[in-house]
Amino acid sequence: GNSVTQMEGPVTLSEEAFLTINCTYTATGYPSLFWYVQYPGEGLQLLLKATKADDKGSNKGFEATYRKETTSFHLEKGSVQVSDSAVYFCAPSSGGSYIPTFGRGTSLIVHP
Amino acid sequence: DTAVSQTPKYLVTQMGNDKSIKCEQNLGHDTMYWYKQDSKKFLKIMFSYNNKELIINETVPNRFSPKSPDKAHLNLHINSLELGDSAVYFCASSPAAGSYEQYFGPGTRLTVT
């Protein structure tokens with residue numbers, strides 16, 4: 001089965017700082033890769049995705065590149081805002097069941 | 001125009017009671033799911049339904065019973081509630097088979113006292 005390792009949080013940053021949240025995975029076959037974001041008190045939302053090697057997913061200033069050789073999908077943002085405070089989940093997905101494997105989530109706290 | 005909705009948002013009940021959580025999606029998706037999220041944000045798949053048929057039933061106590069009256073609805077009934085059932089329960093849906101993207105409801109926070 002699939003597995004995913006995310007950096008432990010919380011990650012605490014000041015506004016406008018650079019963000020990296022690491023994600024590495026093991027997966028059967030050729031997975032699609034996703035980042036989901038969960039804002040306080042809400043359900044998870046799809047943030048971005050990449051479906052093949054070297055693809056870059058991007059949304060709301062966040063980016064992640066599908067690195068097949070290192071089985072990684074690190075999330076980056078050049079300048080974080082207070083409103084980015086949330087929990088971020090890396091989720092490789094493959095196999096016939098179409099169920100993503102969610103990492104344990106990384107909490108991001110951005111201070112003004 | 002809510003895509004995936006759940007009711008209730010909060011549910012406080014005593015041990016031993018039976019309760020239900022309802023979920024509806026208006027996205028026209030074929031597949032629906034129930035997840036349990038614990039206090040450390042760990043997300044665990046419980047059930048998956050495709051076109052009203054159960055396709056995944058992870059290791060979940062049989063006190064939990066999903067019911068799908070049609071492909072837009074997936075309800076979760078829990079019998080004999082226990083303290084350890086306290087968690088946030090999320091419903092989700094995804095498009096036709098072959099898509100991994102999931103669309104989540106807002107969650108139901110269940111507290112068992």
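This text follows the structure it describes.
The structure displayed is predicted, hence computed values, not measured ones. (Residues numbered from 1 in each chain as written. Chains lettered and ligands numbered in written order. Predicted model: local features only at pLDDT ≥ 70, side-chain atom pairs only at ≥ 80, totals over all residues. Heavy atoms only, no water.)

So, the state of the cysteines
Then, number 1: Per the stated rule, a full pass over the model turns up two disulfides over all chains.
Then, number 2: The side chain of A:C23 participates in a disulfide bridge whose partner is A:C90; the two sulfur atoms lie 1.9 Å from each other. The S-S bond linking A:C23 to A:C90 shows a torsion near -65°; that makes this disulfide left-handed. Residue A:C23 is located in strand β4 (residues 23-26), and its partner A:C90 is located in strand β10 (residues 86-93); the two are separated by 67 residues in the primary sequence. As far as burial versus exposure is concerned, A:C23 and A:C90 are alike and both buried.
Then, number 3: A sulfur-sulfur distance of 1.8 Å marks the disulfide that ties B:C23 to B:C91. Handedness of the B:C23-B:C91 disulfide follows from its S-S torsion of about -75°: it is left-handed. Taken together, the positions of B:C23 in strand β3 (residues 19-25) and B:C91 in strand β9 (residues 87-94) put the pair 68 residues apart, joining distant regions of the chain. (Disulfide = S-S within 2.5 Å. Helix = DSSP H or I, 4+ residues; strand = E, 2+ residues; numbered from the N terminus. Buried < 20%, exposed > 50% of the residue type's maximum accessible area, 1.4 Å probe, protein only.)

What about the interface of chain A and chain B?
Then, number 1: Across the boundary between the two partners, chain A contributes 21 residues, which contact 21 residues of chain B.
Then, number 2: For the pair chain A and chain B, the summed buried surface comes to about 1,700 Å²; carbon and sulfur atoms form 63% of the total.
Then, number 3: Between B:E101 and A:K49 there is a salt bridge, and its shortest N-O distance comes to 2.1 Å.
Then, number 4: For the interface between chain A and chain B, the tally reads four residue pairs in polar contact (both at pLDDT 80 or more).
Then, number 5: If you list the elements that add at least two residues to the side of chain A that touches chain B, you get β5 (32-38), β6 (44-50) and β10 of chain A.
Then, number 6: If you tally residues by element for the side of chain A that touches chain B, the top one is β5(A), at four residues.
Then, number 7: Looking at the side of chain A that touches chain B residue by residue, the class counts come to ten nonpolar, eight polar and three charged. (Contact = heavy atoms within 4.5 Å. Buried area = accessible area lost by both parts, 1.4 Å probe. Salt bridge = Lys/Arg side-chain N within 4 Å of Asp/Glu carboxyl O. Polar contact = N/O pair within 3.5 Å; in protein donor to acceptor, adjacent residues only side chain to side chain. Nonpolar A, V, L, I, M, F, W, Y, C, P; charged D, E, K, R; others polar.)

As for unusual backbone geometry
Then, number 1: Of the consecutive residues A:G9 and A:P10, the connecting peptide bond is found in the cis state with omega at 0°.
Then, number 2: Along the chain, the position of A:P10 falls in the loop between β1 (3-6) and β2 (11-14).
Then, number 3: A cis amide bond links B:T7 to the next residue, B:P8, at an omega of -5°.
Then, number 4: Mapping B:P8 onto the fold places it in the loop between β1 (4-7) and β2 (10-13).
Then, number 5: One non-glycine residue, A:D54, adopts positive backbone phi at about 75°.
Then, number 6: Along the chain, A:D54 falls in the loop between β6 and β7 (56-59).
Then, number 7: Even without a glycine there, the phi angle at A:T71 is positive, about 40°.

Without other data, these values stay purely geometric and don't point to any function.
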